[in-house]
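Reading the structure
Residues per chain are reported as follows:
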Amino acid sequence: IIIVLAIIGTLVGIIVARLTGGTDTAKLGITDTKAYTLQSKLIQYQLSHDNKFPTTEQGLQALLETAGGVSIATEDDLKDGWANPFEYKLTSKGPLITSLGKEGPAGGGSTSVCYLNGKKQDKCENIE
């Protein structure tokens, strides 16, 4: 059900983006949906790897590794609504997924959006 909702949310975001000229609001909606989908894929990974999330060093790339010939995620799944790669860190509180927003890596994170354990955070600072 989560995957179906994520696909519908992504499609709605794409349609809204095309109708409104690709506004940042629509891209943020796509980013939210993709981050929530990534969280479910991280849980899939956890369930198939002795109840452990990928390490910070492994990053989200661990989701691309095939287990029995099938990977958990695709390259597109690892990118936010602006087609920038999500950042990943395994904290003591769980997986932290970060989008650097419309500026991407070059923007220094001024428009960053963070998701801890699948929940959007008000601030991206001091999450350990």
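Every residue gets a number counted from 1 within its own chain, in the order that chain's sequence is written. This being a predicted model, a pLDDT of at least 70 is required before a residue's local features are given, and a value of 80 or more before pairs of side-chain atoms are given or counted; all residues contribute to the totals for chains, interfaces and linings. The side-chain numbers reported here are obtained from all heavy atoms of the structure, hydrogens and water having been left aside.

**Section: the sheet that holds strand β3 (residues 87–91)**
Filter applied, for reference: Any two strands with at least two DSSP bridges between them are considered paired. Elements are defined by DSSP. Helices are runs of H or I of four residues or more, strands are runs of E of two residues or more, and each kind is numbered from the N terminus. Contacts were defined at the residue level, with two residues in contact if any of their heavy atoms lie within 4.5 Å. To obtain an axis, a line is fitted to C-alpha atoms, over the contacting stretch when the element is a helix, and the angle between two such axes runs from 0 to 180 degrees between their N-to-C directions.
Strand order in the open sheet made by the four strands is β3-β4-β5-β6, with antiparallel pairing throughout. Where the open sheet ends on each side, the last strands, each with one partner, are β3 and β6 (119–120). Bridge count between strand β5 (residues 113–116) and β6: two bridges; the pairing is antiparallel. Residue pairing across strands places Tyr115 opposite Lys120, the latter belonging to β6. Against the sheet, helix α2 (residues 24–48) makes contact with β3, β4 (94–99), β5 and β6, and its axis sits at roughly 155 degrees relative to β4, the strand it touches most.

**Description of the confidence of the model for the chain**
Stated precisely, the cut-off is as follows: Per-residue confidence from the predictor is given as pLDDT, running between 0 and 100.
Mean pLDDT over the chain stands at 85; residues scoring 70 or higher make up 91%. Across the chain, the secondary-structure element scoring lowest on mean pLDDT is strand β1 (residues 66–67), at 68, and the one scoring highest is β3, at 94.

**Some details on the packing of aromatic side chains**
The description of an aromatic ring pair uses the distance of the two centres, along with the angle that the planes make with each other. The test is simple: Stacked, tilted and edge-to-face are the three classes assigned to paired rings of Phe, Tyr and Trp, where Trp is represented by its six-membered ring and a pair needs centres within 6.5 Å; plane angles under 30 degrees give stacked, over 60 edge-to-face, the rest tilted.
Taken as a whole and assessed by the stated rule, the structure comprises one aromatic pair. Centre to centre, the rings of Tyr36 and Tyr115 are 5.8 Å apart; their planes meet at 85 degrees, and the pair counts as edge-to-face. Note that Tyr36 is positioned in helix α2 and Tyr115 in strand β5, a separation of 79 residues in sequence.

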